[in-house]
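Remarks on the overall topology
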Amino acid sequence: MDQVEIFKALSNKTRLQILNWLKAPAENFPDQPNADFENVGVCVGQIQVKAGLSQSTISEYLSILQRADLVCATRVGQWTYYKRNKEGLAQLSKIINSEL
């Protein structure tokens, strides 16, 4: 896990909001008919609507968060779902507590 990439990913307000929303998806997004929040995550389309940004911008933001191991993606048919990567966030916490 590259520390610089992690902190670059966290240096954007919308990306931070996305991580915050994904912390409690049932509170931040409407129900999804084809996937549950806990096991699969939130559809990228719902994240895009909530953020109010273009689909391409949200896809880029989610890709940055995924490369930093802060979120993970699951593909279901033609849809991509994202949720927080608990292991990556635990590693971030370890970095902050022990190395900084």
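Attention in this report is confined to the structure presented alongside it. Values in this document were obtained by computation on a predicted structure and should not be read as measured data. (Residues numbered from 1 in each chain as written. Predicted model: local features only at pLDDT ≥ 70, side-chain atom pairs only at ≥ 80, totals over all residues. Heavy atoms only, no water.)

Bringing helix H2 (residues 13–23) into the picture now. Every buried residue of H2 is accounted for by Thr-14, Arg-15, Ile-18, Leu-19, Trp-21 and Leu-22. Seen end-on, H2 carries its buried residues on one side only, within an arc spanning 160°. Looking at H2, the residues exposed on the side facing more than 90 degrees away from the buried face are Lys-13, Asn-20 and Lys-23. The N-terminus of H2 is capped by Asn-12, whose side-chain oxygen sits 2.9 Å from the backbone nitrogen of Thr-14. (Buried < 20%, exposed > 50% of the residue type's maximum accessible area, 1.4 Å probe, protein only. Helix = DSSP H or I, 4+ residues; strand = E, 2+ residues; numbered from the N terminus. Arc of directions from axis to C-beta. Polar contact = N/O pair within 3.5 Å; in protein donor to acceptor, adjacent residues only side chain to side chain.)

Taken N-terminus to C-terminus, the directions of H2 and helix H4 (residues 44–51) make an angle of 125°; their axes are 11 Å apart at the nearest point. Between H2 and H4, the interaxial angle falls into the category oblique. Crossing of H2 over H4 shows right-handed handedness. Here H2 contributes Thr-14, Ile-18, Trp-21 and Leu-22 to the contact with H4, which in turn contributes Ile-47, Lys-50 and Ala-51. Residue composition of the contact of H2 with H4, grouped by class: 5 nonpolar, 1 polar and 1 charged. (Axes fitted to C-alpha atoms, helices over the stretch in contact; angles between N-to-C directions. Parallel < 35°, antiparallel > 145°, perpendicular 65-115°, else oblique. Left-handed = near helix turned anticlockwise from the far one by under 90°. Contact = heavy atoms within 4.5 Å. Nonpolar A, V, L, I, M, F, W, Y, C, P; charged D, E, K, R; others polar.)

Now for the nonpolar core. Of all hydrophobic cores here, the largest spans 24 residues; its most connected members are Ile-18, Ile-47, Leu-62, Leu-65 and Leu-70. Where this core is concerned, the elements lending two or more residues are helix H1 (3–9), H2, H4, helix H5 (55–67) and helix H6 (86–99). Here this core gets 5 residues from one element, more than from any other, and that element is H5. Excluding its chain neighbours within four sequence positions, the residues that come into contact with Leu-70 are Ile-6, Ala-9, Leu-10, Leu-19, Leu-65, Arg-84, Asn-85, Gly-88, Leu-89 and Leu-92. (Core = buried A, V, L, I, M, F, W, Y, C linked by side-chain atoms within 4.5 Å.)

For the rest of this paragraph, the subject is the pattern of salt bridges. Considering all chains together, one arrives at 2 salt bridges under this definition. Ionic pairing is found between Lys-8 and Glu-5, a salt bridge with its closest N-O pair at 4.0 Å. Highlighted residues: Lys-8 and Glu-5, both in helix H1, separated by 3 residues, approximately one helical turn. Overall, the relative accessible area of 47% leaves Lys-8 in the partly exposed class. Using a relative accessible area of 37% as the deciding quantity, one classes Glu-5 as partly exposed. Measuring nitrogen to oxygen at the nearest pair gives 3.9 Å for the salt bridge that ties Glu-60 to Arg-67. Judged by its relative accessible area of 40%, Glu-60 is partly exposed. (Salt bridge = Lys/Arg side-chain N within 4 Å of Asp/Glu carboxyl O.)

A separate point is the packing of aromatic side chains. Under the counting rule described, the total for this entry stands at 1 aromatic pair. Aromatic pair Trp-21 and Phe-29: ring centres 6.3 Å apart, planes at 90°, arrangement edge-to-face. The class for Trp-21 is buried, based on a relative accessible area of 11%. For Phe-29, a relative accessible area of 6% corresponds to the buried category. (Phe/Tyr/Trp six-rings, centres within 6.5 Å; stacked < 30°, edge-to-face > 60°.)

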